[in-house]
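Architecture and fold: a report
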Amino acid sequence: MRIDGRDTRTIWLGEDGTAVVVIDQRALPHRFALRTLRSDAEAAEAIADMTVRGAPLIGATGAYGLALAMATDPGDGNLAAAYGRLLVARPTAVNLRWALDRMRAKLAARQPADRRRAAYAEAAAIADEDVATCAAIGEHGAGLIRAAWERAGRSRPVNVLTHCNAGWLATVDWGTALAPIYKAHRAGVPVHVWVDETRPRNQGASLTAYELLAEGVPHTVVVDNVGGHLMQHGKVDLCIVGTDRTTRTGDVCNKVGTYLKALAAQDNGVPFYVALPSSTVDWRISDGVRQIPIEERAADEVALMTGETAAGAIETVRIVPRGSPVANFAFDVTPARLVTGLVTERGICPASEAGLTALFPREEADRAA
Ligand SMILES: CSC[C@@H](O)[C@@H](O)C(=O)COP(=O)(O)O
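Computed from a prediction, not measured in an experiment: that's the story for all the values here.

Time to look at the side chain of Thr162. Of note, Thr162 is situated in strand β6 (residues 158-162). Overall, the relative accessible area of 1% leaves Thr162 in the buried class. If near-sequence neighbours (up to four positions away) are discounted, Thr162 is found in contact with Ala177, Leu178, Val193, Trp194, Val195, Asp196, Thr208, Ile240 and Val241.

Okay, the nonpolar core next. Ranked by size, the top nonpolar core spans 76 residues in total, and within it Ile145 and Ile181 carry the most contacts. When residues of this core are assigned to their parent elements, the largest contribution, 15 residues, is made by helix α5 (residues 112-151). Once residues within four sequence positions are removed from consideration, Ile181 is found in contact with Ile145, Val160, Val191, Val193, Leu212 and Val217. Trp194, Val241, Ala262 and Val281 belong to the second-largest nonpolar core, a separate cluster that totals 27 residues.

To continue, consider helix α3 (residues 76-87). Taking 1.5 Å per residue as the helical rise, α3 with its 12 residues ought to reach 16 Å, and the 16 Å between its terminal C-alpha atoms agrees with that figure. Burial in α3 covers these residues: Asn78, Leu79, Ala82, Tyr83 and Leu86. For α3, the angular spread of the buried residues around the axis is 135°, confining them to a single face. Exposed residues on α3 whose side chains face more than 90 degrees from its buried face are Asp76, Gly77 and Ala80. Next to the buried residues of α3 lie α1 (40-48), α2 (55-72), α4 (95-108) and α5.

Once the domains are mapped, the protein chain shows domain 1 (2-129) and domain 2 (140-368). Spacing between the C-alpha centres of domain 1 and domain 2 amounts to 24 Å. For the pair domain 1 and domain 2, the summed buried surface comes to about 2,700 Å²; carbon and sulfur atoms form 56% of the total. In terms of surface lost to domain 2, no three residues of domain 1 exceed His30, Arg53 and Thr92, which account for 22% of the buried area on that side. Summed over the shared surface of domain 1 and domain 2, the number is 2 salt bridges. Joining domain 1 to domain 2, the criterion identifies 14 residue pairs in polar contact (both at pLDDT 80 or more). Those elements giving two or more residues to the side of domain 1 that touches domain 2 turn out to be β1 (2-3), α2 and α4. Tallying contributions element by element places α2 first for the side of domain 1 that touches domain 2, with 4 residues. Tallied by class, the residues present in the side of domain 1 that touches domain 2 amount to 17 nonpolar, 7 polar and 7 charged.

For the rest of this paragraph, the subject is the UniProt feature "site: Transition state stabilizer" (unreviewed entry) in the protein chain. Taking the numbering used here, the UniProt-annotated feature "site: Transition state stabilizer" (unreviewed entry) corresponds to Cys164. Among the secondary structure elements, Cys164 is positioned in the loop between β6 and α6 (179-186). Excluding residues that lie within four positions of it along the chain, Cys164 makes contacts with Arg53, Asp196, Thr198, Gln203, Gly204, Thr208 and Lys255.

Let's shift gears to the UniProt feature "active site" (unreviewed entry) in the protein chain. Within this structure's numbering, the places UniProt gives as "active site" (unreviewed entry) are Asp244. Mapped onto the secondary structure, Asp244 falls in the loop between β9 (238-241) and β10 (245-247). Setting aside its immediate chain neighbours within four residues, Asp244 contacts Ala55, Thr92, Ala93, Val94, Asn95, Cys253, Asn254, Thr280 and Phe331.

Surrounding the ligand, one finds 19 residues, the nearest of these being Arg53, Ala55, Arg90, Asn254 and Lys255. One nitrogen or oxygen atom from the side chain of Arg90 is found 2.8 Å from an oxygen atom belonging to the ligand. Between the ligand and Lys255, the relevant distance is 2.8 Å, taken from an oxygen atom to a side-chain nitrogen or oxygen of the residue. Alone, the ligand offers 410 Å² of accessible surface; in the complex the protein occludes 100% of this. Among the elements of the structure, α2 and β11 (252-255) are those that each provide at least two residues to the shell around the ligand. Along the lines of polarity and charge, the residues of the shell around the ligand split into 7 nonpolar, 8 polar and 4 charged. Of the residues that make up the shell around the ligand, three or more belong to each of domain 1 (2-129) and domain 2 (140-368).

Definitions and limits used
- Residues numbered from 1 in each chain as written.
- Predicted model: local features only at pLDDT ≥ 70, side-chain atom pairs only at ≥ 80, totals over all residues.
- Heavy atoms only, no water.
- Helix = DSSP H or I, 4+ residues; strand = E, 2+ residues; numbered from the N terminus.
- Buried < 20%, exposed > 50% of the residue type's maximum accessible area, 1.4 Å probe, protein only.
- Contact = heavy atoms within 4.5 Å.
- Core = buried A, V, L, I, M, F, W, Y, C linked by side-chain atoms within 4.5 Å.
- Expected span 1.5 Å × (residues − 1).
- Arc of directions from axis to C-beta.
- Domains from an automatic or database assignment.
- Buried area = accessible area lost by both parts, 1.4 Å probe.
- Salt bridge = Lys/Arg side-chain N within 4 Å of Asp/Glu carboxyl O.
- Polar contact = N/O pair within 3.5 Å; in protein donor to acceptor, adjacent residues only side chain to side chain.
- Nonpolar A, V, L, I, M, F, W, Y, C, P; charged D, E, K, R; others polar.
- UniProt positions renumbered as here; feature names shortened; annotations may be inferred.
- Near = heavy atom within 4 Å.
- Areas by Shrake-Rupley, 256 points an atom, 1.4 Å probe, with all protein chains shown as cover.

Next up, the structure:
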């Protein structure tokens, strides 16, 4: 997408051809800052501290992390060690394991002397494929927004509610849940986005709002708990969210609070779509609530808030009494029965095993093996 008039991705190769450059998403929306990653340990740290976040971008960063490891030491021992270090950086998004497995399979089949070049080529392929995949998700999903516009007699903008940030910042480019919005907006379909602020890290208020503002898409930031009210009053035509891990049966695991939006959508007859690249499907599992690991992050993410003062300084303040225990579950699972459809790079399907396997027949067989 465009930043200051320039096409920008979220991750790219540095000028020396070895280091990897990412946008430091912790500084947004107040500052556009870059961070240079020079080792697999730095890549793992950037994933863990959420310099980069969002399932597809976590995967691409993991892939480049292995490339950085191969640039230093392409031996078998370092390949295994770097794979292990990167895999544990964040537990929920399955794209990380997907990307690391794909890299390891490519690299293990080669002599160490060939691994550096092969690793950078494969990481670049993963990044490029993510861009094409997200663009395709956008095209398929834009049809849903256009159809809602037609249903409304083209009389008003389509109101879409989204949670967290599943935009271009969460991927290499375009995004998943926001890609249909960008495609529809560029095609002249009037769209307005309700942006859930997404406590505790405020990815909606900070990142989704930043993206939509930059792209000129009308939007309104709302507190997380207002979704049910908006839906009861006919102010939401459809919800579109992302997912960090999808079971083969169509359960989706996304930023905490997604499940409550799906319940409200069901109660109010609002379609609830989940946009995902197939790299987010964990073909090994069938029960999201029982089988998907839910990340628990630091209590300070809940107890403290960071923002810009009137004087332009970035400051952190405490909002919870010292001494009150805090829990910080980062994701929740929305069962397939609450999902109207999955918007993938190959089209839209029911959130079910039959739906996913009809679109991805080989992937299931390959990955279950
Ligand atoms: C296209 S990204 C899909 C998900 O990764 C996104 O919705 C999300 O929940 C991100 O969580 P985060 O904790 O910011 O990595």
